[in-house]
Each structure stands twice: as structure tokens, then as C-alpha cells.
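Spelled out, the chains give:
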Amino acid sequence: MNKNKPSIPFVGLHAHSVAGSIFDAIGYPQEHMDFAYENGCTALALTDHGNMNGLPYQVLHAKKMQDEGKEFKPIYGVEAYFIPSLSEWHDEYNKAMEDKKRARAVARGDQSGATIEDETASKRTQDILKRRRHLVLLAQNQQGLNNLFNLVSESYKAENFYRYPRIDFELLEKYNEGIIAASACLGGVYAGSYWECSTYDENGKHAGVDKEAALDLMRATTARMVEIFGDRWYAEIQWNNIKQQHELNQLVMQVAAEFGVELVTTADSHYPN
């Protein structure tokens, strides 16, 4: 194969690197980019957890690749932590702080420009204070990149940060121009509806889901996202060896068909190869 002419009509739109997804990824952005290129891809998005710390690596390595005659496009993005309403979350947070005993248990530490993702906690019903769902955001143009910077900056403000940086519908309405959004993984906004409508056995293992209840919640999310993003909102499906993923895929495809939303399939890669 001519290494200057990639040939696979697939672009990875959901990827994590060690630069921004601490303890949840291996390899720097340039390693991910090189492997994608060497295997026939022409572009790759980086969507680290809650930050864009890998972007400088993308910019510099893309220039190096270009100088070597390799046509490759870095796509700038983030897998943001999302809740529907920060104001409602603030109310719950303040109530918890009034309980001194609980306040000691959930005392907030200093904000950091990096977060450590807890994938297990992402895939279950969450305590209101820790609640967050994943949302993939990709820059479509320079305005979109500027808005990603704004969203990440807002998410790390003291009032929006508790263990994880957060954004909500209100911030998306303010900073959505030039951004493409997707529903993410088993820790994503659609998956949140799935977990909230699930039941568990006495050992805490997933025992089933009320599909109709989950679909109703997913429809409400879809209506709001389409209102904000229009045709820049995508329903994301993934393929792995997890039973719940395939159940979720079926629900995602149903909701997408009802609303005329396009599907995007991702690898959600956490390794360069």
C-alpha cells in the first residue's frame, strides 16, 4: 500500500489518549494518529475526558505528517461530562453541604485540568452529586473550536466542578455554533436513560431494563439536542462484547429513526493499536 494514500472510508470520531484521559488510555495522540494513518485512515478525532490537553500534540504532529507528505486531518474534540441542568445540580449540592457529616464525605478538592475517569461509575445509576453523562463534541470549524474552549473553561469553573467538570443544556445553547455532537458510549447521555430504567439483582448485577421507559427519556433528550444542534446531533452506536451495549444500540437506532437523526458508529478507542 502507498502510505501517502490512505484508503479506508472510515474516520474514528471517539478516541482517548494518555495526554488527556488519565488511567483510561494508553499512547500519546501522535501514536494514535500514526497507527490510524498506517492502516488507511485519513483522519482521527481525539475526545479525551473533560479536557483538550492532547490538542497541542495533534497540531504539531499533523504538521510533521504534512511535511512528510502524509495527508492526515486531526479532528479536535472532547468527551464532555454533561448533566441537564447545572442550576438544579447546584441546589442539590448546596443541600448536601448543609449536612456537615455528608459535607466531610463529599468535600470538594482543588480543581485540576485533568480528571480520572471511573468507567464503572459511568455505567450505572448515579448519586445526584456525582451525576454526569458523557457527550462527544467535535469542532466543525474555527468557531466550533473556540466554543469547545469556552465549554471546557466553563466546565472547570468552581460552581460547575465537583470531582468532574460539567456542562449542561444552557451552556450548549450558548456555545453550540460550529460543534458536532454525538451521544457517546455506555456512559453517555442515551445510556444514562438506559441505566436509570434498569433493575439489578441482589448482587448488584444488571438484571434488565424497562425499554419503553428508557425510550421515553431518550426521546426527551433527543428533542432537546435536536433543538440545540439541528442536524449536527448524531446518535452514536458502538460494537463490543457487552450485552448491554447491544441492547442500548437497538434503543438508540429506534429513537434515531423516529427523529430522523443520523447514526454514527465509533470504536471508542483507548489504545493506539
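Since we're looking at a predicted model, the values are computed, not measured.

**Some details on the sheet that holds strand β9 (residues 233-238)**
Note on sheets: strands pair through backbone hydrogen bonds, and any given pair is parallel or antiparallel. The sheet built from 6 strands is open, its strands ordered β1-β2-β3-β6-β9-β10 with mixed pairing. Because the sheet does not close on itself, it has two edges, and the strands there are β1 (43-46) and β10 (263-266). The sheet shows a mean angle of 35 degrees between the axes of neighbouring strands, direction not considered. When strand β2 (residues 73-82) meets strand β3 (residues 133-139), the two strands line up antiparallel, connected through 6 bridges. Residue pairing for β3: V78 is matched across the bridge by L137. Contacts between helix α2 (residues 55-67) and the sheet are confined to β1 and β2, with β2 contributing the most and set at about 170 degrees to the helix.

**As for a nonpolar patch on the surface**
Taken together, V18, Y28 and Y57 make up a surface patch of nonpolar side chains, about 240 Å² in accessible area. Tracing the backbone through its elements, the reader meets Y57 in helix α2. The exposure class assigned to Y57 is partly exposed, which follows from its relative accessible area of 33%.

**A closer look at the packing of aromatic side chains**
If you walk through the whole model with that rule in mind, you get 8 aromatic pairs. Ring centres of Y28 and Y57 lie 5.4 Å apart, and the angle between their planes is 40 degrees; this geometry places the pair in the tilted category. Within this pair, whereas Y28 is found in the segment before α1 (29-38), its partner Y57 is found in helix α2, the two being separated by 29 residues in sequence. Summarising the aromatic geometry, the rings of F82 and F169 are spaced 4.9 Å apart at their centres and angled 75 degrees between planes, so their arrangement reads as edge-to-face. Here F82 is found in strand β2, whereas its partner F169 is found in helix α7 (residues 169-175), with 87 residues between them in sequence.

**As for the packing of helix α8 (residues 189-196) against helix α10 (residues 243-259)**
Two elements in contact, α8 and α10, have axes separated by 10 Å at closest approach and are oriented at 115 degrees. What the angle tells us is that α8 and α10 run roughly perpendicular. Crossing of α8 over α10 shows right-handed handedness. Residues Y190, A191, Y194 and W195 of α8 form the contact with α10, whose own contacting residues are Q244, E247, L248, L251, V252 and V255.

**Things to note about the pattern of salt bridges**
In this structure the tally under the stated criterion is 6 salt bridges. In this structure, the salt-bridge partner of E173 is R224, at a minimum N-O distance of 3.0 Å. Linking E173 in helix α7 with R224 in helix α9 (residues 211-229), this pair joins segments that are 51 residues apart in sequence. Taking the relative accessible area as the measure of exposure, R224 reaches 28% and is therefore partly exposed. Across the salt bridge formed by E258 and R219, the nearest N and O atoms sit 2.7 Å from each other. Of this pair, E258 sits in helix α10 while R219 sits in helix α9, and the two are 39 residues apart along the sequence.

**Here we look at α10**
Given a rise of 1.5 Å per residue, 17 residues ought to cover 24 Å, and the 25 Å separating the end C-alpha atoms of α10 matches this to within 8%. When α10 is considered as a whole, its buried residues turn out to be Q244, Q245, L248, N249, L251, V252, V255 and A256. Tucked into the core, α10 has its buried residues touching α8, β8 (206-209), α9, β9 and β10.

What counts and how
Residues numbered from 1 in each chain as written. Predicted model: local features only at pLDDT ≥ 70, side-chain atom pairs only at ≥ 80, totals over all residues. Heavy atoms only, no water. Pairing = 2+ DSSP bridges. Helix = DSSP H or I, 4+ residues; strand = E, 2+ residues; numbered from the N terminus. Axes fitted to C-alpha atoms, helices over the stretch in contact; angles between N-to-C directions. Contact = heavy atoms within 4.5 Å. Patch = residues over 30% accessible without salt bridge, like charges linked within 9 Å, V, L, I, M, F, W, Y side chains within 5 Å. Areas by Shrake-Rupley, 256 points an atom, 1.4 Å probe, with all protein chains shown as cover. Salt bridge = Lys/Arg side-chain N within 4 Å of Asp/Glu carboxyl O. Buried < 20%, exposed > 50% of the residue type's maximum accessible area, 1.4 Å probe, protein only. Phe/Tyr/Trp six-rings, centres within 6.5 Å; stacked < 30°, edge-to-face > 60°. Parallel < 35°, antiparallel > 145°, perpendicular 65-115°, else oblique. Left-handed = near helix turned anticlockwise from the far one by under 90°. Expected span 1.5 Å × (residues − 1).

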